[in-house]
Amino acid sequence: MRLAELSERSGVSTATIKYYLRERLLPPGRRISATQAEYDEEHLRRLRLVRALIQVGRIPVSTARDVLAAIEDDSRDQLSRLGIAVEALPYGPEPDESTPSTAVARRTATELLRRLDWHFNLEIADSSPAFGMLVTAIAALHRLDYACDIPHLLPYARQAAQLAVVDLDLVEEFGTPAEQVEAAVALTVLYEPVLLSLRRLAEAEESNKRFGSGS
């Protein structure tokens, strides 16, 4: 397809596509003349991924480029490619190691992983942005004196474990390793708002049962 058709099918303006091409977020098309190129379904799929990263995930262009480079690096095993790609996504502030709450939170998070037998996460905790985000979150709960001990955290963690099975089952429906990495990144970005909204809707439903006029 020509650039105009790629723009129409993807919903991305031609100017934005040209920008993505310049920034190496999108591979160049096949040259058919000095000023024209042809694009295919791979370009269309990549455009959808780039839009998910930048527009939905609000990821900087430089970070999106790193994610895409990890997806294309077939010298790594699949676990490594998935990890690099997903870890490039935004994770929020780093733990503030100067506060006592962070020390408490780190011990709590580590014990939580032990209770769950999440040995792989324990091995990579020092370099894991997800573990750092968990520590930051628990530290905030601790500072504000909200419940954040192991018994309160375990139900959330066990639900997360079930969700992980659903996530990876969906990822494995894609045929090639590269498509699976793309799917893992796109679904992480696109499904997190779904999970957040469903949680809030479920809380509204439960609140109505407990505290509404019909309770």
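In this text the structure is predicted, and so the values were computed from the model without any measurement. (Residues numbered from 1 in each chain as written. Predicted model: local features only at pLDDT ≥ 70, side-chain atom pairs only at ≥ 80, totals over all residues. Heavy atoms only, no water.)

Student: What should I look at first to understand the environment of Arg 115 in this one?
Tutor: Positionally, Arg 115 belongs in helix H6 (residues 100–116). When its relative accessible area of 48% is taken as the criterion, Arg 115 is described as partly exposed. Remark: the alpha-carbon pair of Arg 115 and Leu 21, spanning 94 residues in sequence, is separated by 47 Å. In this structure Arg 115 touches Ile 150 and Leu 154, once residues within four positions along its chain are discounted. (Helix = DSSP H or I, 4+ residues; strand = E, 2+ residues; numbered from the N terminus. Buried < 20%, exposed > 50% of the residue type's maximum accessible area, 1.4 Å probe, protein only. Contact = heavy atoms within 4.5 Å.)

Student: Can you walk me through the pattern of salt bridges in this structure?
Tutor: If the charged atoms of two oppositely charged side chains come close together, the side chains can form a pair. Tallied over the full model, the rule gives 13 salt bridges. Close ionic contact of Arg 45 with Glu 182 constitutes a salt bridge, the shortest N to O distance being 2.8 Å. On the criterion of sequence distance, the pair formed by Arg 45 in helix H3 (residues 41–56) and Glu 182 in helix H10 (residues 177–211) is long-range, its members being 137 residues apart. For Arg 45, a relative accessible area of 25% puts it in the partly exposed group. The salt bridge partner of Glu 182 is Arg 46, with a shortest N-O separation of 3.7 Å. Pair noted here: Glu 182 is in helix H10 and Arg 46 is in helix H3, with a separation of 136 residues, a long-range link. Connected via shared salt-bridge partners are Glu 42, Arg 45, Arg 46, Glu 179 and Glu 182. (Salt bridge = Lys/Arg side-chain N within 4 Å of Asp/Glu carboxyl O.)

Student: For this particular structure, what's the right way to read the nonpolar core?
Tutor: Soluble globular proteins tend to pack their nonpolar side chains together in the buried interior. Core analysis: the biggest nonpolar cluster contains 32 residues, and Tyr 20, Leu 25, Leu 53, Ile 71 and Val 185 have the highest contact counts within it. Looking at this core, the elements that each hand over two or more residues are helix H1 (3–10), helix H2 (14–22), H3, helix H4 (61–72), helix H5 (78–87) and H10. (Core = buried A, V, L, I, M, F, W, Y, C linked by side-chain atoms within 4.5 Å.)

Student: Just checking my understanding: could you explain helix H9 (residues 150–171) for this structure?
Tutor: For an α-helix, 3.6 residues make a turn, and residues three or four places apart therefore share a direction. In a regular helix each residue adds 1.5 Å, so 22 residues correspond to 32 Å; H9 covers 30 Å between its end C-alpha atoms and thus fits that length. Listed in full, the buried residues belonging to H9 are Ile 150, Leu 153, Leu 154, Ala 157 and Val 171. The buried residues of H9 occupy an angular sector of 105 degrees when projected down its axis, which confines them to one face. Exposed side chains of H9 directed beyond 90 degrees from the buried face belong to Tyr 156, Gln 162 and Val 166. On its buried side, H9 packs onto H6, helix H8 (129–143) and H10. (Expected span 1.5 Å × (residues − 1). Arc of directions from axis to C-beta.)

Student: Looking at this structure, how should I read the confidence of the model for the protein chain?
Tutor: Fine structural detail should not be taken from predicted coordinates in areas where pLDDT scores are low. Across the protein chain, the average pLDDT comes to 90, with 99% of residues at 70 or higher. Mean pLDDT per element in the protein chain: H4 is the minimum at 83, and H6 is the maximum at 97. (pLDDT = per-residue confidence, 0-100.)

Student: What should I look at first to understand the environment of Arg 81 in this one?
Tutor: By the secondary structure assignment, Arg 81 is in helix H5. On the basis of relative accessibility, which here comes to 6%, the residue Arg 81 falls in the buried class. In this structure the C-alpha to C-alpha distance between Arg 81 and Ile 71, which are 10 residues apart in sequence, comes to 6.3 Å. If sequence neighbours within four positions are ignored, Arg 81 has contacts with Ala 70, Ile 71, Glu 72, Asp 73, Asp 74, Arg 76, Pro 177, Ala 178 and Val 181. Looking at Arg 81, its side chain comes within polar contact range of the main-chain oxygen of Asp 73, at 3.1 Å. (Polar contact = N/O pair within 3.5 Å; in protein donor to acceptor, adjacent residues only side chain to side chain.)

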